[in-house]
Amino acid sequence: MTIENQEGWGDMMEEVEGDFGFPPQKEIIEGDIKKIISYEEREEAMVKVTRYYKLTKVKVPKAVAERKKWKKFGNCANDGPGINPANSMVGDPVFLTLATKKDQQEKKEEDVAEKMAKLKSSGQGMVVCRICKGPHWTKQCPYKDTLGAAFDVQQEEQPIAKPPPRAPGAYVPPSVKRGETQDVQTRQRDENPTIRVSNLAEETSEPDLQDLFKPFGAVSRIYLAKDKNTGISKGFAYVTYNRRESAEQALQTLHRYRYGHLILQVEWAKPSGS
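Since we're looking at a predicted model, the values are computed, not measured.

**A few points about helix α7 (residues 206-213)**
Logical step 1: Residues of α7 that are buried include every one of Asp208, Leu209, Leu212 and Phe213, and no others. An end-on view of α7 places all buried positions within 115 degrees of arc, on one side of the element.
Logical step 2: The inward-facing, buried residues of α7 abut β5 (194-198), β6 (219-226), β7 (233-241), α8 (244-254) and β8 (258-259).

This is how it looks when you write it as structure tokens:
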């Protein structure tokens with residue numbers, strides 16, 4: 001609590017010690033209350049300022065206690081213990097905050113959350129029927145018997161892409177000479193950027209996975225494990241990208257992502273034989 005009383009220069013002349021100087025600071029201690037009386041110049045007038053402090057005892061480090069015993073100097077040479085507001089000022093505390101791995105992890109999580117929001121707003125990655133475009137699996141489509149036949153005919157009518165003819169004398173890779181297909185070549189070349197997705201529903205198909213993983217980059221191959229007798233999905237699949245950056249982005253975004261009524265588990269595929 002601070003009490004200020006404005007007094008004229010003439011009223012204070014009798015209390016001034018020395019030539020036109022400020023009266024000395026006074027300290028009065030009453031129990032656990034310390035009263036400090038000082039004089040300051042404000043707007044060409046001497047102002048008497050009374051401050052009240054409550055005294056408390058706290059434990060401080062030994063180095064801090066030693067510093068309190070140092071002898072004051074300069075304008076504070078005749079001051080008692082503590083701070084004299086007339087000639088000293090305490091600044092605001094400044095806290096140093098260092099960047100940590102936690103901040104970087106939070107930033108990465110924010111980026112993943114932003115990508116997830118864009119994925120949901122665009123409708124990509126959701127379960128969409130390929131026949132009627134409804135929010136259900138293609139095998140559970142109620143219009144499968146009526147529209148399914150037309151959908152199958154439309155797929156059969158799509159022309160199969162053929163490789164362009166080679167000019168006479170052009171270089172022919174050894175894999176082509178051996179009769180290997182493009183799919184085998186791609187699998188051998190892009191074995192590293194492959195991720196494994198598990199906890200898939202039985203109704204999941206390869207086109208569903210294509211729609212789910214395509215937004216993150218070019219997908220070169222998708223292998224969905226199926227039962228040989230029933231043709232039902234075993235619950236896991238392998239997705240291979242052309243670029244490792246695309247695979248990393250898909251892994252960070254779709255891991256623990258809700259797909260249908262299940263939560264996906266996405267991880268890097270382990271090399272064969274390990």
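**Notes on the sheet that holds β6**
Logical step 1: Across the sheet, four strands lie side by side as β6-β7-β5-β10; this open sheet has antiparallel pairing. The outermost strands of the open sheet, each flanked by one partner alone, are β6 and β10 (265-268). The mean angle between the axes of side-by-side strands here comes to 20 degrees, regardless of whether they run parallel or antiparallel.
Logical step 2: Taken together, the five bridges between β5 and β7 define a ladder with antiparallel strand orientation. Among the inter-strand pairings, Arg196 is bridged to a residue of β7, identified as Tyr238.
Logical step 3: With respect to the sheet, α7 is in contact with β5, β6 and β7, its orientation differing from that of β6 by roughly 140 degrees.
Logical step 4: The strands touched by α8 are β5, β7 and β10; relative to β10, the strand with the most contacts, the crossing angle is about 150 degrees.

**Some details on the confidence of the model for the protein chain**
Logical step 1: Of the residues in the protein chain, 68% reach a pLDDT of 70 or more, and the chain-wide mean stands at 75.
Logical step 2: A low-confidence stretch, residues 15-19 (pLDDT under 50), is modelled with four contacts involving residues beyond four sequence positions or located in other chains.

**Structural notes on unusual backbone geometry**
Logical step 1: One non-glycine residue, Glu43, lies in positive phi territory at about 55 degrees.
Logical step 2: If you check the backbone angles, Asn199 has positive phi at about 65 degrees while not being a glycine.
Logical step 3: Here Asn199 shows up in the loop between β5 and α7.

**Topic: α8**
Logical step 1: Among the residues of α8, those classed as buried are Ser246, Ala247, Ala250, Leu251, Thr253 and Leu254.
Logical step 2: Following α8 by one or two positions, Arg256 has its phi on the positive side, about 65 degrees.

**Here's the deal with the nonpolar core**
Logical step 1: Ranked by size, the top nonpolar core spans 23 residues in total, and within it Ile195, Val197, Phe213, Val239, Tyr241 and Leu264 carry the most contacts.
Logical step 2: The element that contributes the greatest number of residues to this core is α8, accounting for four residues.
Logical step 3: Residue contacts for Val239: discarding those within four places in its chain leaves Pro193, Thr194, Ile195, Val197, Phe213, Val219, Arg221 and Ile222.

Thresholds, definitions, all that
Residues numbered from 1 in each chain as written. Predicted model: local features only at pLDDT ≥ 70, side-chain atom pairs only at ≥ 80, totals over all residues. Heavy atoms only, no water. Buried < 20%, exposed > 50% of the residue type's maximum accessible area, 1.4 Å probe, protein only. Helix = DSSP H or I, 4+ residues; strand = E, 2+ residues; numbered from the N terminus. Arc of directions from axis to C-beta. Contact = heavy atoms within 4.5 Å. Pairing = 2+ DSSP bridges. Axes fitted to C-alpha atoms, helices over the stretch in contact; angles between N-to-C directions. pLDDT = per-residue confidence, 0-100. Core = buried A, V, L, I, M, F, W, Y, C linked by side-chain atoms within 4.5 Å.

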